[in-house]
Amino acid sequence: MLLTGYKSKKELKASKGKALDYEETSFFGEEYKSNGTFCGAHRPLITGLPGREFFARITMKDGVIQTVE
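Residues numbered from 1 in each chain as written. Predicted model: local features only at pLDDT ≥ 70, side-chain atom pairs only at ≥ 80, totals over all residues. Heavy atoms only, no water.

J.: Is there a simple way to explain the sheet that holds strand S4 (residues 54-61) in this structure?
T.: Sheets are built from strands that pair by backbone hydrogen bonding, the pairs being arranged parallel or antiparallel. Across the sheet, five strands lie side by side as S2-S1-S3-S4-S5; this open sheet has mixed pairing. One side of each edge strand has no neighbouring strand; the edge strands of this open sheet are strand S2 (22-23) and strand S5 (64-68). (Pairing = 2+ DSSP bridges. Helix = DSSP H or I, 4+ residues; strand = E, 2+ residues; numbered from the N terminus.)

Printed below as a string of structure tokens:
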């Protein structure tokens, strides 16, 4: 699962139309898709970054965020 660089899901949703701030975590290949849907999370206990823990389904099109659920 990708780790996002957003402090809250609300902040991630506000970034629609922009490139995703993320960090790959998989040993088995890239999870990020410039066109497609994937899951991402913000895990403060793992990353040490401030904010709330959340999980989201992110849909990208042409390298920008289209929807966040």
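Back to the write-up after that little detour.
J.: Quick question: what am I supposed to make of the environment of Phe55 here?
T.: Along the chain, the position of Phe55 falls in strand S4. Given the relative accessible area of 42%, Phe55 is considered partly exposed. Distance from Phe55 to Gly29, taken between C-alpha atoms, is 20 Å for residues 26 residues apart in sequence. If sequence neighbours within four positions are ignored, Phe55 has contacts with Met1, Lys9, Gly40, Ala41, Arg43 and Glu69. (Buried < 20%, exposed > 50% of the residue type's maximum accessible area, 1.4 Å probe, protein only. Contact = heavy atoms within 4.5 Å.)

J.: Help me understand the pairing of strand S3 (residues 36-42) in this model?
T.: Residues in a regular strand project their side chains so that they alternate between the two faces of the sheet. As paired elements, strand S1 (residues 2-4) and S3 share two bridges and run parallel to each other. Bridging across to S3, Leu2 finds its partner in Gly40. One ladder, built from seven bridges, connects S3 with S4; its direction is antiparallel. Opposite Gly40, over in S4, you have Ala56 as the bridge partner.

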